[in-house]
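Structural characterization, general
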Amino acid sequence: MAHPYHHALSSVKKWGGTVNDYLPLHQWFDESKMLTADFRHRALRHHSEGIFMAERFFSATLAVSTGRIVPVRLVGEQHLLEDIGFIPGFADWAKSIRPEAWMGRARQLHIEPEDGGAAVV
């Protein structure tokens, strides 16, 4: 699917309510498009941990306008299934990231106390 609105329409067909009941959740999944406007944006939230993160942001359930209670996890699963066709784990995304030298380069930080005491590393 190309737009959160279309995901929300699909949610309405599945669980009832209105587009506005579901739109904020679907927008949350796709807001990483502001970082990269291609499919790679999905690596940030389109995985099983992203679904559980959505529960922390939106609560475990949505009360839609019809009064029905819909689990956020199910709506998140619907979003991923429509976009990817399955629910990957974060490791599925991570193993596809080509490591670059700069990603593992770390510098030691030495903090010298102003009073001449022992340095903290």
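A brief look at the structure comes next. All values derive from a computational prediction rather than experimental measurement.

**Some points on the packing of aromatic side chains**
For the coordinates displayed, the defined rule picks out 4 aromatic pairs. Relative to Phe58, the ring of Trp28 lies with its centre 6.1 Å away and its plane at 80°, an arrangement referred to as edge-to-face. With Trp28 in helix H2 (residues 19-30) and Phe58 in helix H3 (residues 48-58), the pair connects residues that are 30 residues apart, well separated along the chain. A relative accessible area of 6% places Trp28 in the buried class. Classification of Phe58 as partly exposed rests on a relative accessible area of 25%. Chaining the aromatic ring pairs together yields one cluster made of Trp28, Phe29, Phe57 and Phe58.

**Topic: the nonpolar core**
One finds Tyr22, Leu25, Phe29, Ala54, Leu62, Val70 and Val75 to be the most contacted residues of the largest nonpolar core, which totals 17 residues. Put simply, the parts of the chain that give this core at least two residues each are helix H1 (4-15), H2, H3 and helix H4 (72-83). Broken down by element, this core gets its largest block of residues, 6 residues, from H2. The residues touching Phe29, leaving out its near neighbours within four places in the chain, are His41, Arg45, His46, Gly50, Ile51, Ala54, Gly76, His79 and Leu80.

**Some remarks on the environment of Leu62**
When you line up the elements, Leu62 lands in strand E1 (residues 61-63). Counting along the chain gives 11 residues from Leu62 to Arg73, while the straight-line C-alpha distance between them is 9.9 Å.

Reading guide: rules and limits
Residues numbered from 1 in each chain as written. Predicted model: local features only at pLDDT ≥ 70, side-chain atom pairs only at ≥ 80, totals over all residues. Heavy atoms only, no water. Phe/Tyr/Trp six-rings, centres within 6.5 Å; stacked < 30°, edge-to-face > 60°. Helix = DSSP H or I, 4+ residues; strand = E, 2+ residues; numbered from the N terminus. Buried < 20%, exposed > 50% of the residue type's maximum accessible area, 1.4 Å probe, protein only. Core = buried A, V, L, I, M, F, W, Y, C linked by side-chain atoms within 4.5 Å. Contact = heavy atoms within 4.5 Å.

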